[in-house]
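Structural features, examined
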Amino acid sequence: MSRAARGPRIVFWRHGQTAWNLESRFQGSTDIPLTDQGVFQAQRAARLLSGLRPDLLISSDLQRAARTAAELARVTGLDVQHHEGLRETYAGEWQGLTNAEIRARFAEEYEAWAQGHPVRRGGGELATEVADRAVPVVLAAAEKLPEDGTLVVVSHGGTIRTMIGRLLDIDPVLWERFGGLSNCCWSVLGQGARGWRLLEHNAGTLPQPVIGDET
């Protein structure tokens, strides 16, 4: 994505790899650090994203996102603004469990969620509630952009999906149609005449598979 593109842009950047990603454990709002590989991913991606000459940088305050954002701050000189509202979905009893454990212990709840029904996974947040708290943070920051400016938002796979879905005005039941982001990859929204539109999705893919979303 060239800096020459006109209009404001929002870059949604997922954090780097964690040990729980590798174990397929649902992280949610649990504060898990990056692995050494996750730090390397953040450093590599930061060098690429710096080419967009971002104007503002905001991040979830969970350490896996904050450390990822710090690498872009280091190469661009930008300050990072940390926001609790950009955290991953809180999923109550699901957090810390592997996908297999969730399927075994919460079979009906998991099946309802897989079918697209609004579910408080583990007694936690609905996807729409995540969007309710995250999107205002992003829009408030976007309002501070200069003309044709770029905002980088460092967050989490599940939360990024809800923000993209809400900003594109897509029915929440369809948000799961957005494929997951690989660790330290990003999606880009641009402002058009009819509102926000998706310009890139899962850009900067590393030679590794997507590992979960809320993981």
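This report concerns the structure included in the present document. (Residues numbered from 1 in each chain as written. Predicted model: local features only at pLDDT ≥ 70, side-chain atom pairs only at ≥ 80, totals over all residues. Heavy atoms only, no water.)

1. Quick look at the packing of helix α2 (residues 36-49) against helix α3 (residues 63-76)
Across the interface, α2 lies against α3 with an axial gap of 8 Å and an inter-helix angle of 40 degrees. On the basis of their axis angle, the class for α2 and α3 is oblique. The handedness of the crossing between α2 and α3 comes out as right-handed. Residue-level contacts link Val 39, Ala 42, Gln 43, Ala 46 and Leu 49 of α2 to Arg 67, Thr 68, Glu 71, Leu 72, Arg 74 and Val 75 of α3. Of the residues in the contact of α2 with α3, the class split is six nonpolar, two polar and three charged. (Axes fitted to C-alpha atoms, helices over the stretch in contact; angles between N-to-C directions. Helix = DSSP H or I, 4+ residues; strand = E, 2+ residues; numbered from the N terminus. Parallel < 35°, antiparallel > 145°, perpendicular 65-115°, else oblique. Left-handed = near helix turned anticlockwise from the far one by under 90°. Contact = heavy atoms within 4.5 Å. Nonpolar A, V, L, I, M, F, W, Y, C, P; charged D, E, K, R; others polar.)

2. Observations regarding the pairing of strand β1 (residues 9-14)
Judged by how many residues are buried, β1 sits mostly within the fold: six of six residues are covered. Every second residue of β1 is oriented toward a common face, with Arg 9, Val 11 and Trp 13 on one face and Ile 10, Phe 12 and Arg 14 on the other, all of them buried. For β1 and strand β4 (residues 150-155), the ladder comprises six bridges, and the chain directions are parallel. Its bridge partner lying in β4, Arg 9 is registered against Thr 150. Two strands pair when backbone bridges link them, and β1 and strand β5 (residues 186-192) are joined in this way by five bridges, in the antiparallel orientation. Residue Trp 13 lies in a different strand from β5, and its bridge partner there is Trp 186. (Buried < 20%, exposed > 50% of the residue type's maximum accessible area, 1.4 Å probe, protein only. Pairing = 2+ DSSP bridges.)

3. Quick word on the environment of Glu 147
For Glu 147, the position within the fold is in the loop between α6 (127-142) and β4. Spatially, the C-alpha atoms of Glu 147 and Gly 7 are 6.6 Å apart, while their sequence positions differ by 140 residues.

4. Some remarks on the layout of surface pockets
For the largest pocket, the calculated volume is near 310 Å³. The wall of the largest pocket is formed by 18 residues, among which Gly 116, His 117, Pro 118, Ala 127 and Pro 172 lie closest to the centre. Counting residues per element, the ones that place at least two in the lining of the largest pocket are α6 and α7 (157-167). At three residues, the largest contribution of residues to the lining of the largest pocket is made by α7. Among the residues forming the lining of the largest pocket, the class breakdown is eight nonpolar, five polar and five charged. (1 Å grid on protein atoms, 1.4 Å probe; cavity = no way out; pocket = protein on both sides within 12 Å on 5 of 7 lines; lining within 4 Å. Points joined across faces, edges and corners; volume = space filled by probe spheres on them.)

5. What to know about the pattern of salt bridges
Tallied over the entire structure, the rule returns nine salt bridges. Close ionic contact of Arg 74 with Glu 71 constitutes a salt bridge, the shortest N to O distance being 3.2 Å. One end of the pair is Arg 74 and the other is Glu 71, both in helix α3 and three residues apart, which spans about a single turn. Assessed through its relative accessible area of 55%, Arg 74 is described here as exposed. The closest approach of N and O atoms between Glu 129 and Arg 120, which form a salt bridge, is 2.8 Å. Take Arg 120: its relative accessible area is 41%, and that puts it in the partly exposed class. (Salt bridge = Lys/Arg side-chain N within 4 Å of Asp/Glu carboxyl O.)

Fair warning: the whole summary comes from geometry, so function is off the table for now.
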